[in-house]
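# Summary of the model geometry
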Amino acid sequence: MSDLQAIADRVEIEALRGEFTDAGMLRDFDRFASLFTQDAVWRIPVVDVEFVGREEIRAGIERLGEGLWDYLVQATHPGTIQLEGDTASGRAYVLSFGQMRDGSSHLNYSVYHDRYRRTPEGWKFSERADEIKYLDTPPLAGSPPENATTTDDTRRSA
């Protein structure tokens, strides 16, 4: 593999990890599921779930996003990427916080343990597992702003 190909692969995998966070926070469940291979596995041990296959992942993220969280904010930080031809493995470091539908709060720092596969559509997750390293559940002091606008809202009104 050329050095340029390795650089391109790393950039594409890092973009995949960014898409995961963006699709999840925007509750774009179809895009979220499309980031996984058809036979992928997504594990979240803290809520005792394992989703196998793109369809189950799609249904699972919607169930979690709509049923579990009132809001969730997640910031993913680069970790490692080990390239192995058309497969790769890696880790990403994550800060997540939000409020659950039942009123409880959740703040955690975790590590995503990933496996990636090159597909005709680009790099996809073949496995993603969330390992929480720190968990804090006291009520969060803040909340989403009452009249929050997005960049898209601002552009439309200008």
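Residues numbered from 1 in each chain as written. Predicted model: local features only at pLDDT ≥ 70, side-chain atom pairs only at ≥ 80, totals over all residues. Heavy atoms only, no water.

## Things to note about the side chain of Asp114
Going by this rule: Strands are runs of DSSP state E lasting at least two residues, helices are runs of H or I lasting at least four, and both sets are numbered from the N terminus onward. Under the scheme applied here, a residue whose accessible area is under 20% of the maximum for its type counts as buried, over 50% as exposed, and between as partly exposed, the area being computed with a 1.4 Å probe on protein chains only. Residues adjacent in sequence count toward polar contacts only when both atoms are side-chain atoms; beyond that, a polar contact is any pair of N or O atoms within 3.5 Å, and within protein one must be able to donate a hydrogen and the other to accept it. The contact criterion used throughout is that any non-hydrogen atoms of two residues lie within 4.5 Å.
Among the structural elements, Asp114 can be located in strand β5 (residues 105-119). For Asp114, a relative accessible area of 3% corresponds to the buried category. Only 2.7 Å separates the side chain of Asp114 from the side chain of Tyr116, close enough to count as a polar contact. With near-sequence residues (within four places) excluded, Asp114 lies in contact with Arg17, Ala88, Ser89, Gly90, Phe125, Glu127 and Arg128.

## As for helix α1 (residues 3-25)
The following threshold applies: The length a helix should cover is 1.5 Å for every residue beyond the first.
Here α1 contains 23 residues, and its C-alpha end-to-end distance of 34 Å stays within 8% of the 33 Å for a straight helix at 1.5 Å per residue. Those residues of α1 that sit buried are Ala6, Asp9, Ile13, Leu16, Arg17, Phe20, Thr21 and Ala23. Where α1 is buried, its residues meet α2 (29-34), β1 (36-44), β3 (69-84), β4 (87-100), β5 and β6 (122-136). Once α1 finishes, Arg27 follows within two positions and takes phi at roughly 55°, a positive value.

## Examining the packing of aromatic side chains
Filter applied, for reference: Here a Phe, Tyr or Trp ring, Trp counted by its six-membered ring, pairs with any other such ring whose centre lies within 6.5 Å, and the pair is stacked when the planes are under 30 degrees apart, edge-to-face when over 60, and tilted otherwise.
Tallying each qualifying case throughout the model produces 12 aromatic pairs. Each ring, one from Phe32 and one from Trp42, has its centre 5.1 Å from the other, and the planes form 55°; the classification is tilted. In this pair, Phe32 is assigned in helix α2 and Trp42 in strand β1, connecting sequence segments 10 residues apart. In this pair, the class of Phe32 matches that of Trp42, namely buried.

Function cannot be read off these values alone, since they describe shape.
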